[in-house]
Amino acid sequence: MTSDLRPAETAAETEFDAASLKIVPARHPLRWFATAVVLVLVAMAGHALITNKAWDWPTFGAFLFQKSVLSAVALTVELTLFGVVAGFVLGTVLALMRVSRSPLLRAVSWTYTWVFRSVPLILQLLFWYNLAILYNQLSFGVPFGPSFFAVDTMSLIPPFFAAGLGLALHQAAYAGEIVRAGFLSVDAGQREAAAALGIPTHRQIRKIVLPQAMRSIIPTAANEIIGMVKGTSVVYIMALPELFYQVQVIYTRNGRVIPLLLVATAWYLALTTVLSVAQYYVERRYSRGALRTLAPTPLQRARRALRQVT
Amino acid sequence: MSGVMVDIRSVHKSFGLFQALRGVDLQVRTGEVTVILGPSGSGKSTLLRTINHLDKVTSGFITIDGELMGYRRAGDRLHELKEREILKQRTSVGFVFQSFNLFPHLTALENVVEAPVSAQRRPRAEAVETAKDLLCRVGLEEKADAYPRQLSGGQQQRVAIARALALRPKVLLFDEPTSALDPELVGEVLDVIKNLARTGTTMIVVTHELGFAREVADTIAFMDGGLILEQGPPAEVLDHPRHERTRAFLSKVL
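Residues numbered from 1 in each chain as written. Chains lettered and ligands numbered in written order. Predicted model: local features only at pLDDT ≥ 70, side-chain atom pairs only at ≥ 80, totals over all residues. Heavy atoms only, no water.

> Got a minute to help me understand the confidence of the model for chain A in this structure?
Low pLDDT means the predicted coordinates in that region are not meant to be read closely. This prediction gives chain A a mean pLDDT of 86; 89% of its residues lie at or above 70. Ranking the elements of chain A by mean pLDDT puts helix α1 (residues 7–17) of chain A last, at 55, and helix α5 (residues 103–118) of chain A first, at 95. (pLDDT = per-residue confidence, 0-100. Helix = DSSP H or I, 4+ residues; strand = E, 2+ residues; numbered from the N terminus.)

As structure tokens, this is what we get:
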């Protein structure tokens, strides 16, 4: 390394010019070039989308808010909600069992995770759908003893519940591991301090451990939830009219495959967008105390920028 | 004021094959301050943790204000209490950790309010008032709404002391309360503890601060190898140690 500045000169110059020296940021010609290339590619893609008649945008427009499509979107949302909520509740139970001191509970939790992570979702769904073949009656009573009442499996488990249950049970295996990872990320001293203060066990978990675990749970959980939105498309095999099944029904009728696949794409994009925004705010909420100061939200930033302009 | 508050009798504690405590006897009188000195690994922290049952004793027993900690006696047997009962007992023992262990997602005030409300079922409004008073007492009334990460180490430890005091414990245990602090922050924490000592709080303090020990302690106990080798007033233990190991330790620390 060579330098033009000799020590004596540097000292002298600094006294003169330290404040008036101008800082010139480094130039990045390659970055400019890459940006130009990407811009051209984006323009080409846009051009292709608009000019190619095969995309058939008018049909897309006609079906985007069609009644059967909207009710299919509603069903997709319902299945997602059911799968995620039930899945994460059961997953939290599995995680608690896994960290429990009872070897039996630990083993049951481990086995559950092992089985439900190993078997493909589509296979599990078919199992639930055909549960009536395995057990045509579900009876409630003393284990191995007399039964108080019995229900037909078919009437107890309509397709929606079979699908929701399948999604939830599958999700639980993953959710359990995510929640457990969250628990592990919280310093052991936190639980100890809570115990030393005599805070009741359930409250130690709910008020002290879980809120801190949430910080590492949420990013992965959001991934899973978004995965679930798309995962619901698997239940088309049960002939449930969710989004993917419904567009298939429509395009087999009218033959316009591409625009209807676009309708489904648009809705999946919309749902994921809503979830991503929700994730941002939930993450922000749980980062209280973890950062010295919270960064402003995009909305706050926009408002601040507007105020500066006016 | 001369009753025995903490009575430790023949306490042994093993972790697997390692014997951390090998028969510790210690009595702490009400309103007095006992400082425990000793090299690291001598069992000081373990002893402190057995007092509020964070670590279970292998044999022996501990009473606080006459109440057996962690066990119920039936004849010549000691039955371990249920978690819920142990948690309840712990509310009469304040514990201050070396690493503070404040709850980072709660403000200073919420940290202090949490246990009185959830463990002692005191009304929230009353607990908030008490918490504000306590934060004032440790000189942090204006930091009530700050999160722990926004506070210096010394301030965090002072909040932790306020949190321990909020339960109105019968005895306060300090596990090396200044060891994790930058040197210039040690004084502010020790000042708070000195003030508590002056108001007659019963305390057991594990520390390496000899000056503090000399000033505040009624009794100094020197531990090594899981045993209390000698105990007595500061002037005796610090200036005329009887035991060879005490002398060796003091010469290293001073």
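> How do you make sense of the packing of aromatic side chains when you look at a structure like this?
Residue and element names in this part refer to chain A. For the coordinates displayed, the defined rule picks out 11 aromatic pairs over all chains. Aromatic side chains tryptophan 110 and tryptophan 114 sit 6.0 Å apart centroid to centroid with 15° between the ring planes, which places their arrangement in the stacked category. Pair noted here: tryptophan 110 and tryptophan 114 are both in helix α5, with a separation of 4 residues, about one helical turn. Of the residues examined, tryptophan 110 reaches a relative accessible area of 45% and is grouped as partly exposed. Here the aromatic cluster, defined as three or more aromatic residues joined through ring pairs, consists of Phe82, Phe160 and Phe161. (Phe/Tyr/Trp six-rings, centres within 6.5 Å; stacked < 30°, edge-to-face > 60°. Buried < 20%, exposed > 50% of the residue type's maximum accessible area, 1.4 Å probe, protein only.)

> What am I meant to see in the sheet that holds strand β2 (residues 18–29) of chain B here?
Strand pairing in a sheet relies on backbone hydrogen bonds, with the paired strands running either antiparallel or parallel. Residue and element names in this part refer to chain B. Pairing is antiparallel in the open sheet, where 4 strands are placed in the order β2-β1-β4-β5. Of all strands in the sheet, those bounded by a partner on one side alone are β2 and β5 (67–68). For strand β1 (residues 4–15) and β2, the ladder comprises 9 bridges, and the chain directions are antiparallel. From the neighbouring strand, serine 14 faces β2, where its bridge partner is glutamine 19. Together, β1, β2 and β4 (59–64) form the strand contacts of helix α1 (residues 44–51), whose direction differs from that of β2 by roughly 65°. (Pairing = 2+ DSSP bridges. Contact = heavy atoms within 4.5 Å. Axes fitted to C-alpha atoms, helices over the stretch in contact; angles between N-to-C directions.)

> How do you make sense of the pattern of salt bridges when you look at a structure like this?
Opposite charge on two side chains permits them to pair, given that their charged atoms come into close proximity. Across all of its chains, the model carries 18 salt bridges over all chains by this definition. The partner of glutamate 114 of chain B in a salt bridge is lysine 207 of chain A, with the nearest N and O atoms 3.6 Å apart. Of this pair, glutamate 114 of chain B sits in helix α3 (residues 108–118) while lysine 207 of chain A is found in helix α11 (residues 201–231), placing the two residues in two different chains. Classification of glutamate 114 of chain B by relative accessible area gives buried; the value is 2%. (Salt bridge = Lys/Arg side-chain N within 4 Å of Asp/Glu carboxyl O.)

> What's the story with the pairing of strand β10 (residues 203–206) of chain B in this structure? I'm lost.
Consecutive residues of a regular strand have side chains that alternate between opposite faces of the sheet. Residues and elements named next belong to chain B. In β10, alternate side chains face the same way, and those of Met203 and Val205 on one face and Ile204 and Val206 on the other are all buried. Relative to β10, strand β3 (residues 33–37) runs parallel, the two being bridged by 4 bridges. Bridged to valine 33 within β10 is methionine 203. One ladder, built from 4 bridges, connects strand β9 (residues 171–175) with β10; its direction is parallel. Counted as the bridge partner of aspartate 175 is valine 206 from β10. Regarding topology, helix α6 (residues 183–198) serves as the crossover connection from β9 to the parallel β10, and that connection is right-handed. (Right-handed = clockwise from strand over helix to strand, strands pointing away.)

> What should I look at first to understand the interface of chain B and chain A in this one?
With 25 residues of chain B in contact, the opposing surface of chain A contributes 23 residues. Our count for the contact surface shared by chain B and chain A stands at 3 salt bridges. Salt-bridge contacts for arginine 49 of chain B lead to glutamate 192 of chain A; the nearest nitrogen and oxygen are separated by 2.7 Å. Taken together, the connections running from chain B to chain A amount to 6 residue pairs in polar contact (both at pLDDT 80 or more). When contributions to the side of chain B that touches chain A are tallied by element, the ones reaching two or more residues are α2 (83–90), β8 (93–96) and α3 of chain B. Of the residues in the side of chain B that touches chain A, the class split is 13 nonpolar, 6 polar and 6 charged. (Polar contact = N/O pair within 3.5 Å; in protein donor to acceptor, adjacent residues only side chain to side chain. Nonpolar A, V, L, I, M, F, W, Y, C, P; charged D, E, K, R; others polar.)

> Got a minute to help me understand the environment of arginine 304 of chain A in this structure?
Residues and elements named next belong to chain A. On the secondary structure map, arginine 304 appears in helix α14 (residues 298–309). A relative accessible area of 44% places arginine 304 in the partly exposed class. Arginine 304 sits 105 residues away from isoleucine 199 along the chain, and the two C-alpha atoms are 42 Å apart.

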